[in-house]
Amino acid sequence: MNWERLVVCPPPPHYGLAMAGLKTASGDYIDASWELSVAVEELGPEAEPLTLRVTGDVHIGGIMLQIVDKIKVKQNWSDHALWWEQKKLWLLKTNWTVDKYGLQADARLRYTPQHKPVRLQLPNRRMIRVHASFSEPVFRAVAGICRVLSIRHAEELSLLRAPEEKDKKKRKGPVLGTEDEFDLSGVVLPASAEQQPFRGMPAHFSDSPATEACYRMLSVSWTGLTPEHVLKMPRPSNLVEKAQINSRWLSSSRSLMQQDVRENEQLWLRFKYYNFFDLEPKYDAVRITQLYEQARWAVLLEETESTEEEMMVFAALQYHINKLSLSADPTETAGEQGMDDLDSALSNLQVKLEGGTSTSDMLENLTTIPELKDYLRIFRPRKLTLKGYKQHWVVFKETTISYYKSREEVPSEPVQQLNLKGCEVVPDVNISGQKFCIRLLVPSPEGMSEVYLRCEDEQQYARWMAGCRLAAKGRTMADSTYQSEVQNILSFLQLQRASPDATVAPDAEAMGTQWLVSPRYQKKFKPKQLTPRILEAHQNVAQLSLTEAKMRFIQAWQSLPDFGISYFVVRFKGSRKDEILGIANNRLIRIDLAVGDVVKTWRYSNMRQWNVNWDIRQVAIEFDEHINVAFSSVSAGCNIVHEYIGGYIFLSTRSTDKGRGLDEELFYKLTGGHEAL
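In this numbering scheme, every chain counts its residues from 1 along its sequence in written order. In keeping with the model being predicted, local features are shown solely for residues with a pLDDT of at least 70 and side-chain atom pairs are shown and tallied solely at 80 or more, while totals for entire chains, interfaces and linings include all residues. Excluding hydrogens and water, the side-chain figures rest on all heavy atoms present in the structure.

Q: Requested: an account of the state of the cysteines, with residues and values cited.
A: Here, two cysteine sulfur atoms that lie within 2.5 Å of each other are counted as a disulfide. Applying the stated criterion across every chain, the model contains zero disulfides. Free cysteine: Cys 437, not disulfide-bonded; nearest cysteine sulfur from Cys 455 at 7.6 Å. Of all cysteine sulfurs, the one in Cys 423 lies closest to Cys 468, which takes part in no disulfide; the gap is 6.7 Å.

In structure tokens:
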């Protein structure tokens, strides 16, 4: 036969695999097939890759069938898929052909499970082993992890790489959290399954004593901390070191496999976005505990700055939570909360039946915007001046503060007007010294204009501070949250006030108090000095329940000036020096790297658009009034900064409607850029 004249036609689809093996007498193939090498993970690392004969029109599902037939191992292969190593690509569309994916003979494929175990360090610094998806985007993988851990609103959390361990030889004793590693890798929940409670906990935790112990670890704070634990933990000493932490976040729009995460690798699970939505003690036992733990470590490791009085409040709350946690039973919380919900529903029903505010009062409240008018002392720091505070008559209307020399001069022009929209509001309080100041950093063409308002007492401070915080967000005192903001400020001040009749509890010395404060205050105070101060503050929180104490700690943490700011070292366009960019849940902050002062603030509400030039790794943002800001990231990848900004904007679109799910595609569009496509 003259083989040169033979015309080989493409085989029909149903012959796909049968024609792939047609040979001549001499052993040569006469069709368009070629060899494809596939390594099978189950056969071990030393095993030779399988060699398959394929053509361009063979679909991926057909290749997977060939692999299973060839290795002759009976097991469930439904979780397995093909991974293309050179392209870092999962071949998940099994109906696609080899040609459509662009596979060639030099492609290195691996037949491997899509779900693999990883070791997670939780916000409470304990270790847990879980199965995670290595084929889906991290956003979806985290959602799967949080379903197993019984944490709602997984969009607030993400994964970051563990830091490289240095000076291991210098460390003595085990690292915190590694003594007991909990294992939930055998728990796999269907994507559609709802978590039904059983014996006071999600049903999958009641399978064995080990899983029950794991649920207790997740929902009850650990009581075994010592001062040595706190001292051993690495803590940032400046803004640059804080920025380095944020360089380790994984991209939410790419899979773990695409980001070179290996099986059983250690990762950190943390709350990434400081925008906590719908915290419900009835459903969020684990979420509230882990959030409290992240807040506690942020305070202890000085990631969030706090004053001495504030630290004593945090220490008192920790002391109280620690005492209650020693005897806490997480399975009893659900039953108690159910009765609380019933009482709350009955009281709400009673209010509705009895009637509330009259129609005329409601209309007046809707049409009248409250104002604040009072004498305050004002100080404007200037260069080469030693002048102190001066008393002025101050009028706070909508989002503007106007101050006059006296009350009689109100109809005339004020000394100065300050529009607080977009400003930074920083508390400057010392309870023992009766100092109640509000530090305002107001945006101006030259930068940030600094003004101090000094109030006479706690009540005046709470009203003006609440108004300033709302005005900074562009809201007035007619906002429904104004009164609750005033009460939150007053309650936090009350926590800081020393109680004169405080007595040292007999178990206080035995429990130790040094671990309750950051290393800076461990060095400053001896235990005999520290214990009475913490117990004084404890008198103000001694009546709180365990859940109330955790919630109060979280609220106090949220009241700190540095709360919720993620730092990055950046280089602004046109600048010759590195600076710090702070990203918060509602604004961007430009900070001087040398002294730590705020240079400028931009609110998301004023943002018109932003884009990323991926070629030069530069973020460009346009705000109202044709304000343009551009910068390149120095300490982290440009995609991490982009994801932070887009993530906060995405979280602002969440609805209180529980039947409405998250728009996952919108998240990828806002955070993933070109990588999400």
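Q: Explain the confidence of the model for the protein to me, and be specific about the residues and the numbers.
A: Put simply, the protein has an average pLDDT of 83, and 82% of its residues get 70 or more. Confidence of the predictor at the level of single residues is captured by pLDDT, which takes values from 0 to 100. Every helix listed is a DSSP run of H or I at least four residues long, and every strand listed is a run of E at least two residues long, numbered separately from the N terminus. Taking the mean pLDDT of every element in the protein, the minimum, 46, falls on helix α10 (residues 359–367) and the maximum, 97, on strand β12 (residues 266–271). Should any heavy atoms of two residues lie within 4.5 Å, those residues are considered in contact. Every residue in residues 348–352 scores below 50 in pLDDT, and together they form one contact with partners more than four places removed in sequence or on other chains. Note that pLDDT drops below 50 for residues 354–366; the model gives that stretch two contacts with residues more than four away or on any other chain.

Q: Before we move on, can you summarise the pattern of salt bridges with the specific residues and values?
A: What counts as a salt bridge is simple: a side-chain nitrogen of Lys or Arg found within 4 Å of a carboxyl oxygen of Asp or Glu. Applying the stated rule across the entire model yields 35 salt bridges. A salt bridge links Arg 533 to Glu 308; the nearest nitrogen and oxygen atoms lie 2.4 Å apart. Remark: Glu 308 occurs in helix α8 (residues 308–325) and Arg 533 occurs in helix α15 (residues 527–538); sequence separation between them is 225 residues. Think of it in three bands: residues with accessible area under 20% of the maximum for their type are buried, residues over 50% are exposed, and the middle band is partly exposed, with areas taken using a 1.4 Å probe on protein chains only. Since its relative accessible area comes to 22%, Glu 308 is described here as partly exposed. With its nearest N and O atoms 3.9 Å apart, the salt bridge here joins Arg 377 to Glu 456.

Q: Which residues make up unusual backbone geometry, and what values go with them?
A: Within the chain, Asn 264 stands out as a residue other than glycine whose phi angle is a positive 65°. Along the chain, the position of Asn 264 falls in the loop between α6 (239–245) and β12. A positive phi is found at Gln 434, a non-glycine position, where the angle reads about 50°. Relative to the helices and strands, Gln 434 is located in the loop between β17 (424–430) and β18 (435–444). According to the relative accessible area criterion, Gln 434 is partly exposed, its value standing at 41%.

Q: Can you break down the nonpolar core residue by residue, with the values?
A: Ile 128, Leu 149, Leu 159, Trp 557 and Ile 583 are the most contacted members of the largest nonpolar core, which has 118 residues in total. Excluding anything up to four places from it in sequence, Ile 128 contacts Val 118, Arg 119, Leu 120, Leu 122, Leu 149, Glu 181, Phe 182, Leu 184, Cys 214 and Met 217. By nonpolar core we mean a set of buried residues, namely Ala, Val, Leu, Ile, Met, Phe, Trp, Tyr and Cys, connected to one another through side-chain atoms within 4.5 Å.

Q: Explain the environment of Arg 235 to me, and be specific about the residues and the numbers.
A: Tracing the chain through its elements places Arg 235 in the loop between α5 (227–232) and α6. Counting along the chain gives 63 residues from Arg 235 to Ala 298, while the straight-line C-alpha distance between them is 9.2 Å. With residues up to four places along the chain from it excluded, the contact list for Arg 235 reads Val 230, Glu 241, Leu 301, Pro 519 and Lys 523.

Q: Go over the packing of aromatic side chains with me, naming the residues and quoting the values.
A: Within a pair of aromatic rings, the relevant descriptors are the distance that separates the centres and the angle that separates the planes. Put simply, two rings from Phe, Tyr or Trp (the six-membered ring, in Trp's case) pair if the centres are within 6.5 Å, and we call them stacked under 30 degrees between planes, edge-to-face over 60, tilted for the rest. Summed over the entire model, instances satisfying the criterion amount to 32 aromatic pairs. Look at Trp 77 and Tyr 111: their rings are 5.7 Å apart centre to centre, the planes differ by 25°, and that puts the pair in the stacked class. Of this pair, Trp 77 sits in the loop between α1 (60–71) and β3 (80–84) while Tyr 111 sits in strand β5 (residues 108–113); the two residues are 34 residues apart in sequence, bridging distant segments of the chain. Overall, Tyr 111 belongs to the buried group, its relative accessible area being 1%. An angle of 85° between the planes, with centres 5.0 Å apart, marks the rings of Tyr 292 and Phe 553 as edge-to-face. Here Phe 553 lies in helix α16 (residues 546–558) and Tyr 292 lies in helix α7 (residues 285–300), a separation of 261 residues in the sequence. A residue is classified by how much of its surface remains accessible, and Tyr 292, at 1% relative accessible area, is buried. Cluster of aromatic residues (ring-pair linked, three or more members): Trp 249, Tyr 273, Phe 568, Tyr 604, Tyr 644 and Tyr 648. Only Lys NZ and Arg CZ are tested; either one counts as a charge over a ring when it is within 6 Å of the ring centre and within 35 degrees of the ring normal. The ring of Trp 222 is capped by Arg 126, whose NZ or CZ atom sits 4.2 Å from the centre of that ring. A cation over an aromatic ring shows up here: Arg 248 above the ring of Trp 268, its NZ or CZ 4.7 Å from the ring centre.

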